[in-house]
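One letter stands for each residue in the lines below.
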Amino acid sequence: MENFATHLKSNWIIYAFLVQLIINWTVTGNRLDSLEIRVGKIESELINNELLLIEIQKDIVEVKTSLEFIKQRLQ
């Protein structure tokens, strides 16, 4: 038991470093999970925005077509 206590006293900095490393990995892992969730939400929003843009482009084409039709009728 004395041997272990001596070992612990002489290597406490290594154990402290390992504990800190484990804590950092845990915190970093949680942060990465949170970032992945945020990235997923942003990707979903971008896809929705792209779909909205496509709808807007279709509406613009319809308006242009209608304006061309009106223009021809007025001539």
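Okay, so let's go over this structure. Quick caveat, the model's predicted, so the values are computed rather than measured.

Moving on, we get to the pattern of salt bridges. By the definition in use, this model includes one salt bridge. For Lys 58, the salt bridge is made with Glu 55, and the minimal N-O distance between the two is 3.8 Å. Pair noted here: Lys 58 and Glu 55 are both in helix α2 (residues 12-74), with a separation of three residues, about one helical turn. Residue classification places Lys 58 among the partly exposed positions, given a relative accessible area of 46%.

Together, Phe 4, Leu 8, Trp 12, Ile 13, Ile 14, Tyr 15, Phe 17 and Leu 18 make up a nonpolar patch on the protein surface, roughly 830 Å² of accessible area in all. At the level of secondary structure, the elements contributing two or more residues to the nonpolar patch comprise α1 (2-10) and α2. Looking at the nonpolar patch, the element that brings in the most residues is α2, giving six residues. If you trace the backbone, Tyr 15 turns up in helix α2. Take Tyr 15: its relative accessible area is 34%, and that puts it in the partly exposed class.

Rules of the game
Residues numbered from 1 in each chain as written. Predicted model: local features only at pLDDT ≥ 70, side-chain atom pairs only at ≥ 80, totals over all residues. Heavy atoms only, no water. Salt bridge = Lys/Arg side-chain N within 4 Å of Asp/Glu carboxyl O. Helix = DSSP H or I, 4+ residues; strand = E, 2+ residues; numbered from the N terminus. Buried < 20%, exposed > 50% of the residue type's maximum accessible area, 1.4 Å probe, protein only. Patch = residues over 30% accessible without salt bridge, like charges linked within 9 Å, V, L, I, M, F, W, Y side chains within 5 Å. Areas by Shrake-Rupley, 256 points an atom, 1.4 Å probe, with all protein chains shown as cover.

Read these as geometric descriptors, not functional statements.
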